Amino acid sequence: MNILCRKLGLEYPMLQGGMGNVSHPNLTAAISEAGGLGTLGAGTMTPAELEEKIIGVKEKTDKAFCMNIPITVQPYFEEIVDLVFKHKIPVVSLSAGNPVPLIPKFQEKGIKVICVVASVKQAIKVDRAGADVIVGEGYEAAGINSNFETTTLTLIPQIVNVVEAPVVAAGGIGDGRGLLAMLSLGASGVQMGTRFIATKEALVHDNYKQLITDAGDTDTVIVGRSVGRVRRLLNTEYANKLIEAELQGVTLEEFNEKTNEDCHIAGAIEGKLAKGHVNGGQVAGLIEDIPSVSDLLEDMMKQATAQNEAIMNNFVVRK
Ligand SMILES: Cc1cc2nc3c(=O)[nH]c(=O)nc-3n(C[C@H](O)[C@H](O)[C@H](O)COP(=O)(O)O)c2cc1C
């Protein structure tokens, strides 16, 4: 069995990435039920809002799931940690901040810790601090990106070369070929965001799903570079308003206001594409259908296996 599956008790080496306040128990539970690791993102939710969602996941599945806590973004950090303990959530993923001092706090209670990083230096730091799993996220990914702008293809093998913990690749994976490619680079699994949004169980607005299935290779944009807050969005009227605001010299504070979780909900859940943003990764160009989560995971595994066999057969040396 693959080391990641063994460590996290999964059937398939596929994780859902945190999805901020857009997170919904329906998708989280469906991914865990289908054999992957579903994740509930804490985003900026209040403890009461989040607890309702935790209970919602537990009502739908007995399988393990993960809680993503964006460290510097979540305003009720300590209370959220208490919720993780109270509900015995077996895995946490820590992003957007320094996870090092937090790792033992969770591990002491038997909770596995996934750390999301975007550079080799960060990966070494969390590996030395005992992270159970390291997610390396490249610049192709949806949502808040690292200012380093490292790509998944180059980042993953460099991290694999220097760490002990199993590495999971995030950013740009949408089918079995992407999964196989990342396993070939030494990753033990993949984490996806955009691909999971375009599934039957994702309770986001149809406008959002359609933007993804309609998207071509150049239909995402980077916003926030001018204020040091790099973020990849699907190209919409709202994204263009953000770009315009940057050209007009928007401050970091104003930019954060325009991209807060209320705007995220307006775009992603209410489908108001002129009023809020929708996160989307470059892999959107590859996504054309809206399968169920279980079909998606099974098809990805089958495609990865078939592609691997096809490659190996072509390389058989015939004497
Ligand atoms: C709607 C949405 C919200 C996201 N919010 C978060 C978040 O709160 N925390 C986080 O660490 N990553 C967040 N991400 C990034 C994902 O967890 C994941 O790592 C990324 O989407 C992977 O790249 P991909 O979109 O190419 O699959 C978000 C992605 C999406 C699509």
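In this text the structure is predicted, and so the values were computed from the model without any measurement.

Trainee: Can you walk me through the domain arrangement of the protein chain in this structure?
Mentor: Accessible area lost upon the coming together of the parts serves often as the stated size of an interface. When the domains of the protein chain are assigned, the result is domain 1 (3–203) and domain 2 (206–282). Here domain 1 and domain 2 have C-alpha centroids that lie 22 Å from each other. The interface of domain 1 with domain 2 comprises 19 residues on the first partner and 17 residues on the second. Of all elements in the fold, only β7 (143–144) and α9 (194–197) reach the threshold of two or more residues within the side of domain 1 that touches domain 2. For the side of domain 1 that touches domain 2, a count of residues per class yields 6 nonpolar, 11 polar and 2 charged.

Trainee: Any chance you could explain helix α6 (residues 120–128) here in plain terms?
Mentor: Side chains of residues three or four places apart in an α-helix project in the same direction, reflecting 3.6 residues per turn. Where α6 is concerned, the buried positions are Q122, A123 and V126. Mapping the buried residues of α6 onto a view down its axis gives an arc of 100°, with all of them on the same face. The exposed set on the far side of α6, more than 90 degrees from its buried face, consists of K121 and R128. Where α6 is buried, its residues contact β5 (112–117), β6 (133–137) and α7 (152–162). Looking one or two residues beyond α6, the residue adopting positive phi is G130, at roughly 95°.

Trainee: Help me out: how do you make sense of the environment of G186 in this one?
Mentor: Positionally, G186 belongs in the loop between α8 (176–184) and β9 (189–192). Assessed through the 15 C-beta atoms surrounding it within 10 Å, G186 is described here as partly exposed. Other than its neighbours up to four places away in sequence, G186 contacts I156, P157, V160 and V167.

Reading guide: rules and limits
- Residues numbered from 1 in each chain as written.
- Predicted model: local features only at pLDDT ≥ 70, side-chain atom pairs only at ≥ 80, totals over all residues.
- Domains from an automatic or database assignment.
- Contact = placed C-beta atoms within 7 Å.
- Helix = DSSP H or I, 4+ residues; strand = E, 2+ residues; numbered from the N terminus.
- Nonpolar A, V, L, I, M, F, W, Y, C, P; charged D, E, K, R; others polar.
- Buried ≥ 20, exposed ≤ 12 C-beta atoms within 10 Å, placed from the backbone.
- Arc of directions from axis to C-beta.

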